[in-house]
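Spelled out, the chains give:
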Amino acid sequence: MAAPSMERVVSLCKRRGFIFANSEIYGGIASTWDYGPLGVELKNNVMRAWWSSVVYERDDMEGLDAAILMNRLVWRYSGHEATFSDPLVDCRECKSRQRADHLKDGKCPNCGSSNLTEPRNFNLMFKTTVGPVESEENVAYLRPETAQGIFANFANVQQAMRRKLPFGVAQIGKAFRNEITPGNFTFRTREFEQMEIEYFCKPPKYLQPGEKNDVKLHEEWVEQRFNWYVALGIAPERLRKRAQTPEELAHYAKATVDIEYLFPGSLSWSELEGVANRQDYDLTAHSKEVSDEDLARLRLQKNADSTTKLDYFDDQYVDPETGKKGARYIPYVIEPSAGATRATLAFLCEAYNEELVGEPKEEELAPLRSGLAAARKNIDKKIAEAEKAAAKGELKADMPTVAQLRAINEALASCEAELPQSLLAVEDACDLPGADRVELLKKVRQAAAKLCDEYTRVVLKLHPRLAPIKVAVFPLKKNEPRIVEMAKRIKRDLQPAVRVVYDDSAGIGKLYRRQDEIGTPFCVTVDFQSLEDDTVTVRDRDSMLQERVAISQLESYLTQRLK
Ligand code: GAP
């Protein structure tokens with residue numbers, strides 16, 4: 001199971017310190033988010049896992065950290081100044097601004113009107129000026145992708161690290177886009193973090209027998225990147241590879257495969273990462289002295305400003321006809337480009353689970369059952385009234401519609417039939433449109449909340465490598481100094497090998513729930529038996545099973561299971 005709705009993830013993120021709205025004390029700023037104490041740990045763990053997988057666990061990769069500000073000419077020759085834009089239309093009816101490619105059958109997705117302006121292009125790059133004078137010559141942009149920093153450094157990395165093709169460069173960093181239609185929490189924001197790879201390889205013409213071509217390397221990267229998400233806990237049925245259609249492909253891309261995740265709600269299947277075969281477009285675009293033939297092939301303008309030709313001397317190449325050794329050419333590139341903030345959101349959605357952890361007795365369920373019955377009867381009455389009012393044309397704007405009332409009643413009926421399994425769905429039914437006008441649902445909500453508190457849990461089943469906190473240590477009794485002292489010592493001994501916290505601010509049951517909600521894989525409890533035999537209980541987040549472990553073995557036990 002994954003998150004039933006994005007709203008549930010947003011609410012958890014705020015409640016438990018993962019993600020906060022930016023500058024909220026001043027009313028916030030649209031679509032800009034801050035990562036709180038747990039969010040920063042989670043996002044850093046996602047980025048660390050990516051870096052480890054693409055840099056440390058391979059022999060053909062280097063890392064880079066290029067600056068956000070770059071010479072404006074980078075963005076001119078990359079094509080971003082001229083073409084990095086979304087065509088937009090304004091709706092004359094509801095005054096909203098929409099992306100032309102997001103219209104529904106040529107109509108405004110907000111109000112359905114066809115009264116729209118012609119599409120106009122809007123550049124997505126944030127402009128700023130470098131130095132004290134605000135003039136056209138001093139314009140710079142906040143980078144809209146990290147990729148260009150890698151292309152501009154191709155020769156530096158290749159020569160400094162004496163790399164031979166194929167090899168790749170990985171980079172993680174902030175990117176900025178003045179998105180027109182940001183939203184869906186952190187899915188599309190104006191400031192975000194990317195994890196990009198440019199994997200340089202030989203163009204087909206220069207391959208030696210047995211070497212992999214760009215098509216094969218592209219396929220391998222798609223597989224590798226897909227498997228990375230699965231290894232970190234994304235269910236394969238909620239992940240798919242989607243090859244871009246020829247109409248979607250950028251003119252320089254030979255192929256692009258998007259890795260998509262099935263997000264909850266309206267986002268549904270949406271892009272997590274794009275893996276593109278960009279051929280020799282980018283390095284050629286930034287090179288001096290490119291032949292007219294290559295410029296025409298790639299539909300590029302001559303670069304009159306670059307000081308360098310970003311080519312590569314291949315000393316292994318043997319000309320099949322002449323037998324001559326060595327060739328100089330511009331490499332091809334495969335680009336797996338992922339969003340760190342977007343991946344973090346996907347991992348959160350995937351990990352979010354709501355579970356029934358106990359069976360309430362029939363007498364405990366009684367107040368909820370009678371509340372549901374009363375609310376349904378009341379809604380039936382409202383449906384009859386609304387139908388009468390509609391027939392007379394007297395339906396008031398603030399009244400729920402007949403359709404809304406029927407939907408609420410159906411949802412309540414299925415909850416009633418499936419109690420207690422449906423406990424967590426009661427809240428959803430009470431949140432349906434129009435439900436706020438049904439007074440009796442307040443009682444239903446209260447009765448359900450009480451039972452949810454006791455018999456359900458929210459648990460983030462994050463992969464241990466991603467979990468913000470790995471272990472929580474509790475004393476069974478906080479007024480028993482020997483137990484407290486032992487628990488604190490265990491905490492001190494475990495850190496810094498693992499990220500561990502100590503908590504004694506509530507009863508054990510509540511402490512477990514709190515840690516489940518933030519995805520802590522293990523809770524260690526020190527009790528009276530610990531004082532006698534130097535063992536503790538270790539509780540597993542997912543199975544909720546407990547095991548006794550000797551304190552002397554605790555660190556190795558935990559580090560083993562946290563891998
Ligand atoms: N260098 C290629 C490139 O930037 P892209 O498809 O525009 O390609 C790559 O971006 C990834 O960056 C996306 O798959 C997504 O994960 C992330 N991304 C792009 N725009 C974003 C935004 N506004 N907010 C959050 N993540 C974004």
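Residues numbered from 1 in each chain as written. Predicted model: local features only at pLDDT ≥ 70, side-chain atom pairs only at ≥ 80, totals over all residues. Heavy atoms only, no water.

**What to know about the overall build of the protein**
Helix and strand counts for the protein stand at 18 helices and 23 strands. A buried classification covers 51% of the 563 residues belonging to the protein. Across the protein, the fraction of contacts at a sequence separation of at least 24, relative to all contacts at a separation of at least 6, is 66%. Roughly 27,800 Å² of accessible area belongs to the protein as shown, and the carbon and sulfur atoms make up 50% of that amount. If the 80 positive side-chain charges of the protein are averaged to one point and the 87 negative ones to another, these points end up 3 Å apart. (Helix = DSSP H or I, 4+ residues; strand = E, 2+ residues; numbered from the N terminus. Buried < 20%, exposed > 50% of the residue type's maximum accessible area, 1.4 Å probe, protein only. Contact = heavy atoms within 4.5 Å. Areas by Shrake-Rupley, 256 points an atom, 1.4 Å probe, with all protein chains shown as cover. Lys, Arg positive; Asp, Glu negative; His and termini not counted. Charge placed at Lys NZ, Arg CZ, Asp CG, Glu CD.)

**Topic: the sheet that holds strand β6 (residues 120–123)**
Pairing within the open sheet is antiparallel, and its three strands lie in the order β5-β4-β6. Two strands close off the open sheet at either side, each with one partner strand: β5 (97–99) and β6. Each strand of the sheet is rotated relative to its neighbour by a mean of 45 degrees, with strand direction disregarded. (Pairing = 2+ DSSP bridges. Axes fitted to C-alpha atoms, helices over the stretch in contact; angles between N-to-C directions.)

**Some details on the sheet that holds strand β23 (residues 546–550)**
One open sheet accounts for five strands, arranged β20-β19-β21-β22-β23; its pairing is mixed. Single-partner strands in this sheet number two, and they are β20 (500–502) and β23. Each adjacent strand pair in this sheet contributes to an overall mean axis angle of 25 degrees, direction not counted. Relative to β23, strand β22 (residues 535–540) runs antiparallel, the two being bridged by five bridges.

**Some points on the layout of surface pockets**
With a probe scaled to a water molecule rolled over the atoms, the places where space remains empty come into view. Taken as a whole, the second largest pocket holds about 680 Å³ of empty space. Lining the second largest pocket are 21 residues, with Cys452, Asp453, Thr456, Val458 and Glu517 sitting closest to its centre. Breaking the lining of the second largest pocket down by element, the ones donating at least two residues are α1 (6–15), β17 (352–356), α13 (423–430), α14 (441–455), β18 (456–460) and α16 (508–518). Considered class by class, the residues forming the lining of the second largest pocket number seven nonpolar, three polar and eleven charged. (1 Å grid on protein atoms, 1.4 Å probe; cavity = no way out; pocket = protein on both sides within 12 Å on 5 of 7 lines; lining within 4 Å. Points joined across faces, edges and corners; volume = space filled by probe spheres on them. Nonpolar A, V, L, I, M, F, W, Y, C, P; charged D, E, K, R; others polar.)

**Structural notes on the site of the ligand**
Close to the ligand lie 18 residues, the nearest being Glu145, Arg177, Glu179, Glu196 and Glu271. Note that a nitrogen atom of the ligand is positioned 2.6 Å from one of the side-chain N or O atoms of Glu145. Between the ligand and Thr189, the relevant distance is 2.8 Å, taken from a nitrogen atom to a main-chain nitrogen or oxygen of the residue. Surface burial for the ligand is 88%, taken as the share of its 560 Å² of free accessible area covered by protein chains. For the shell around the ligand, the elements supplying multiple residues, two or more each, are β10 (191–201), β13 (269–279) and β16 (332–339). It is β16 that contributes the most residues to the shell around the ligand, four residues altogether. Counted by class, the shell around the ligand contains five nonpolar, four polar and nine charged residues. (Near = heavy atom within 4 Å. Polar contact = N/O pair within 3.5 Å; in protein donor to acceptor, adjacent residues only side chain to side chain.)

**Some details on empty space enclosed by the protein**
This model, assessed by the stated rule, comprises one cavity of 30 Å³ or more. The calculated volume of the largest cavity comes to roughly 40 Å³. Along the walls of the largest cavity sit Leu232, Gly233, Phe347, Glu350, Ala351, Lys461, Leu462 and His463, which together make up its complete lining. In terms of residue class, the lining of the largest cavity is made up of four nonpolar, two polar and two charged.

**With respect to the pattern of salt bridges**
A side chain of one charge can pair with a side chain of the opposite charge when the charged atoms of the two come close. For the structure shown, the criterion picks out 51 salt bridges. Here Glu136 makes a salt bridge to Arg72, at a shortest N to O gap of 3.2 Å. With Glu136 in the loop between β7 (126–129) and β8 (139–142) and Arg72 in helix α3 (residues 72–77), this residue pair connects regions lying 64 residues apart in the sequence. Assessed through its relative accessible area of 16%, Arg72 is described here as buried. Among the ionic pairs, Arg240 bridges to Glu260, the shortest N-O distance being 2.7 Å. Of the two residues, Arg240 is situated in strand β11 (residues 239–243) and Glu260 in strand β12 (residues 255–262); the sequence distance between them amounts to 20 residues. On the accessibility criterion, Arg240 (33% relative accessible area) is partly exposed. Residue classification places Glu260 among the buried residues on the basis of a relative accessible area of 6%. (Salt bridge = Lys/Arg side-chain N within 4 Å of Asp/Glu carboxyl O.)

**Looking at the packing of helix α2 (residues 37–56) against helix α7 (residues 214–231)**
To characterise two packed helices, one gives the angle between the axes of the helices and the distance between these axes. Between α2 and α7, the shortest axis-to-axis distance is 11 Å and the interhelical angle comes to 145 degrees. Like other packed secondary-structure pairs, α2 and α7 cross with a definite hand, here right-handed. Together, Val46, Ala49, Trp50, Ser53 and Val54 of α2 and Trp221, Gln224, Arg225 and Trp228 of α7 make up the contact between the two elements. A breakdown of the residues in the contact of α2 with α7 according to their chemical character gives six nonpolar, two polar and one charged. (Left-handed = near helix turned anticlockwise from the far one by under 90°.)

**Some points on the environment of Tyr455**
Looking at where Tyr455 falls in the secondary structure, it is placed in helix α14. Each C-alpha atom of the pair Tyr455 and Asp60 lies 51 Å from the other, and the pair is 395 residues apart in sequence. Here Tyr455 is in contact with Glu355, Leu356, Val357, Gly358, Glu359, Pro360, Glu364 and Leu423, once residues within four sequence places are set aside.

**Considerations on the packing of helix α11 (residues 362–392) against α14**
Relative orientation of the contacting elements α11 and α14 amounts to 155 degrees, with a least axis distance of 9 Å. Between α11 and α14, the angle falls in the class roughly antiparallel. Every pair of crossing elements has a handedness; the one defined by α11 and α14 is left-handed. Residue-level contacts link Glu364, Leu365, Pro367, Leu368, Gly371, Leu372 and Ala375 of α11 to Leu441, Val444, Ala447, Ala448, Leu451 and Tyr455 of α14. (Parallel < 35°, antiparallel > 145°, perpendicular 65-115°, else oblique.)

**A look at helix α15 (residues 481–494)**
End to end, α15 covers 20 Å across 14 residues, agreeing with the expected 20 Å (1.5 Å per residue, within 8%). Against β19 (471–475), β20, β21 (522–526), α17 (528–533), β22 and α18 (551–561) lie the buried residues of α15. (Expected span 1.5 Å × (residues − 1).)

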